[in-house]
Amino acid sequence: MLVILGFLMVAVFMYLILTKRATPVVALTLVPVAFGLMAGAGLGIGDMITDGIKSLAPTAALLFFAIIFFGIMIDVGLFDPLVKGILKLVKNDPMKLVVGTAVLAMVVSLDGDGSTTFIIVTSAMLPLYLKLGVSPVILTVVAGLANGTMNIIPWGGPTVRAASALGISPSEVFVPMVPSLIVGLIIVLAFSVHLGIMERRRIGKLVYEPEMVRAAASGGIGGNGTTPPPSGSAGDGGAGQFIDGLDPNRDTLRPKLLWFNAILTVVLLVVLVIDILPIPVLFMIAASIALAVNFPKVKEQGEAIARHSSSIVSVVAMVLAAAILTGVFQGTGMVEAMAEWLLNVIPSGMGPYLAVITGILSLPFTFFMTNDAFYFGILPVLSETAAQYGIEPVEMARASITGQAFHLQSPLVPAILLLVTLAGVSLADHHKKVLWRAAVVSLSMLVVGVALGQIPFG
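Quick caveat, the model's predicted, so the values are computed rather than measured.

Glancing now at the overall build of the protein chain. The number of helices and strands found in the protein chain is 23 helices and zero strands. Every one of the 458 residues in the protein chain was classed for burial, and the buried ones make up 56%. Looking at the protein chain as shown, the accessible area adds up to about 18,300 Å², and 68% of this sits on carbon and sulfur atoms.

The next point concerns the nonpolar core. Formed by 137 residues in total, the largest nonpolar core has its most connected members in Phe-13, Phe-69, Tyr-129, Trp-155 and Phe-283. The greatest single-element share of this core, amounting to twelve residues, is contributed by helix α3 (residues 45-75). Excluding residues that lie within four positions of it along the chain, Trp-155 makes contacts with Leu-63, Ala-66, Phe-70, Leu-110, Asp-111, Gly-112, Val-160, Leu-269, Leu-272 and Phe-283. Residues Ala-41, Ile-45, Met-48 and Ile-49 belong to the second largest nonpolar core, which totals six residues.

Quick look at the packing of helix α7 (residues 136-150) against helix α23 (residues 427-451) now. Two elements in contact, α7 and α23, have axes whose closest approach is 9 Å; the angle formed by their N-to-C orientations is 25°. On the basis of the axis angle, α7 is roughly parallel to α23. The two elements α7 and α23 cross, and the hand of that crossing is right-handed. Taking contact as the criterion, the partners of Val-137, Ile-138, Thr-140, Val-141, Leu-145 and Thr-149 in α7 are, on α23, Asp-429, His-430, Lys-433, Val-434, Arg-437, Ala-438, Val-441 and Met-445. Grouping the constituent residues of the contact of α7 with α23 by class yields eight nonpolar, three polar and three charged.

Next up on the list: the pattern of salt bridges. Taken as a whole and judged by the stated rule, the model has three salt bridges. Two residues, Arg-307 and Asp-75, come together in a salt bridge whose shortest N-O distance is 3.1 Å. Of this pair, Arg-307 sits in helix α15 (residues 298-307) while Asp-75 is found in helix α3, placing the two residues 232 residues apart along the sequence. For Arg-307, a relative accessible area of 36% puts it in the partly exposed group. Between Arg-200 and Asp-93 there is a salt bridge whose closest N-O contact spans 2.9 Å. With a gap of 107 residues between them, Arg-200 in helix α10 (residues 178-203) and Asp-93 in the loop between α4 (80-90) and α5 (94-108) connect regions that are remote in the sequence. Overall, the relative accessible area of 33% leaves Arg-200 in the partly exposed class. By relative accessible area, which is 14% here, Asp-93 ends up buried.

What follows concerns the packing of aromatic side chains. Counted according to the given criterion, the structure contains seven aromatic pairs. Ring centres of Phe-374 and Tyr-375 lie 5.0 Å apart, and the angle between their planes is 75°; on these two criteria the pair is classed as edge-to-face. Judged by its relative accessible area of 0%, Phe-374 is buried. For Tyr-375, a relative accessible area of 0% puts it in the buried group. Connected via pairs of aromatic rings, a cluster forms that spans Phe-365, Phe-374 and Tyr-375.

The predicted model of the protein chain has a mean per-residue pLDDT of 80, with 87% of residues at 70 or higher. Element-level mean pLDDT values for the protein chain span from 34 in helix α12 (residues 240-243) up to 95 in α7. Segment residues 206-245: pLDDT under 50, and 67 contacts once partners within four positions in sequence are set aside and those in other chains are kept.

Here we take up the side chain of Thr-332. Looking at the element boundaries, Thr-332 is found in the loop between α16 (309-331) and α17 (334-345). On the basis of relative accessible area, Thr-332 is assigned to the buried category, the value being 14%. A polar atom in the side chain of Thr-332 sits 2.6 Å from the backbone oxygen of Val-328. A polar contact of 3.5 Å, which involves the side chain of Thr-332, links it to the backbone nitrogen of Met-334. What Thr-332 contacts, discounting residues up to four positions off in sequence, is Leu-2, Gly-36, Ala-39, Ala-41 and Met-48.

Our focus in this paragraph is the packing of α10 against α23. Relative orientation and spacing of two packed helices are given, respectively, by the angle between their axes and the distance between those axes. One can describe the packing of α10 onto α23 by two numbers: an axis separation of 8 Å at closest approach and a directional angle of 150°. One way to sum up the angle between α10 and α23 is to call them roughly antiparallel. When the axes of α10 and α23 are compared, the crossing they make is right-handed. Residues Pro-179, Ser-180, Leu-181, Val-183, Gly-184, Ile-187, Val-188, Phe-191, His-194 and Leu-195 of α10 form the contact with α23, whose participating residues are Trp-436, Arg-437, Val-440, Val-441, Ser-444, Met-445, Val-448 and Gly-449. The residue inventory of the contact of α10 with α23, partitioned by class, reads twelve nonpolar, five polar and one charged.

Within the element layout of this structure, Val-319 appears in helix α16. Residue class for Val-319 comes out buried when judged on its relative accessible area of 1%. Taking the C-alpha atoms as reference, Val-319 lies 8.2 Å from Val-160; in sequence the two are 159 residues apart. Among all residues touching Val-319, those that are not within four sequence positions of it are Leu-56, Thr-59, Ala-60, Leu-63, Val-160 and Ser-164.

Along helix α19 (residues 371-387), the sharpest kink reaches roughly 40°, centred on Leu-379 and followed within four residues by the proline Pro-380. Of all 17 residues making up α19, 15 are buried, and the element is well covered by its neighbours.

What counts, and at which threshold
- Residues numbered from 1 in each chain as written.
- Predicted model: local features only at pLDDT ≥ 70, side-chain atom pairs only at ≥ 80, totals over all residues.
- Heavy atoms only, no water.
- Helix = DSSP H or I, 4+ residues; strand = E, 2+ residues; numbered from the N terminus.
- Buried < 20%, exposed > 50% of the residue type's maximum accessible area, 1.4 Å probe, protein only.
- Areas by Shrake-Rupley, 256 points an atom, 1.4 Å probe, with all protein chains shown as cover.
- Core = buried A, V, L, I, M, F, W, Y, C linked by side-chain atoms within 4.5 Å.
- Contact = heavy atoms within 4.5 Å.
- Axes fitted to C-alpha atoms, helices over the stretch in contact; angles between N-to-C directions.
- Parallel < 35°, antiparallel > 145°, perpendicular 65-115°, else oblique.
- Left-handed = near helix turned anticlockwise from the far one by under 90°.
- Nonpolar A, V, L, I, M, F, W, Y, C, P; charged D, E, K, R; others polar.
- Salt bridge = Lys/Arg side-chain N within 4 Å of Asp/Glu carboxyl O.
- Phe/Tyr/Trp six-rings, centres within 6.5 Å; stacked < 30°, edge-to-face > 60°.
- pLDDT = per-residue confidence, 0-100.
- Polar contact = N/O pair within 3.5 Å; in protein donor to acceptor, adjacent residues only side chain to side chain.
- Bend = angle between axes of the 7 residues up to and from the residue.

Below, the structure is given as structure tokens:
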């Protein structure tokens, strides 16, 4: 009965998410409560949920303060010099333009939000693509690959989901995968160079207009070479608020604190990688320092947090709601029952390879279903089964995040739909060029993880 209820709960949860009949927060809350009661949890379901919330509280804190920190860094203009520098460096070389797009997307992806990344990248770079005759599809491919690869950062979503679903620390999942991330980014840059060279051969020498570069850097040129529509107008799908983020005259800029903010960010990332303090603690300290230094007035600090409140609320609410699903899964014994059933179904010879199998399956699974459905519905069952063969949950989590470069190209991902819309290209054209490249990036990250022993193979 527990096996049937467990699989049925996953199926209902996935159905509600995939058909958009419920938000992840609603589905993560109501579905497990209903099935937990059917499984006989009774009033004990409250203790199960409370235990789940306690285990995920550090993850919620991580997301809360990471979003604030990187949101502040964008507000105060930390990335503006990079945008302007890239625009100046590309000049008349398509290859430099494409590589510059990749670098910009990688850096801005540090905020962990794909939509923000794509809006900033397209508002800064698309005018150059259109004016110089470079295909906008190249922009979507490079930006999509860069953001998808960077999506495994702990505050980006998948790593947090995997860690939350298995009750482990995001840093345990992410830090050992840094070499895989680096290799993935190098491959993205290699693809960018190749695509840029192909465009160089196709269109030849370009005409460079410094005036256009200055206009693009300030967000003054729209996707069709005209002045962009007003913020929130029908023409930009609400993108204007982010295009304004490149405005050199915005009130939140802190040019005198540029070096301080840069050093603070570098120190944060270095300390994060060497793993001497818990990641939530690091971001709590860094975000507080960033707020106090850049916005010394209490009113300004409140406004800075409020600017990113929508992202904070949606992500943190998702994590806390996930505690209900994981709590019920564990508390009712569903996970153990489902794992035992799978153990009997999977050929014993394949058991030791479940981590690698999970990494490979993460490509199609996360492409055809949401991250929520995969990480909260399927990964816990696979992990429990893999434990029978001595594979640790953290190893399964690492394998499961390697498919993110492929996942992000899915039409189920709102951010990628926003990217192709802003760039004015069809999703089909984007997929023709990006899918096989995304598969190469994801599988390469999996191979590196196996080679370095972070993901077991046999």
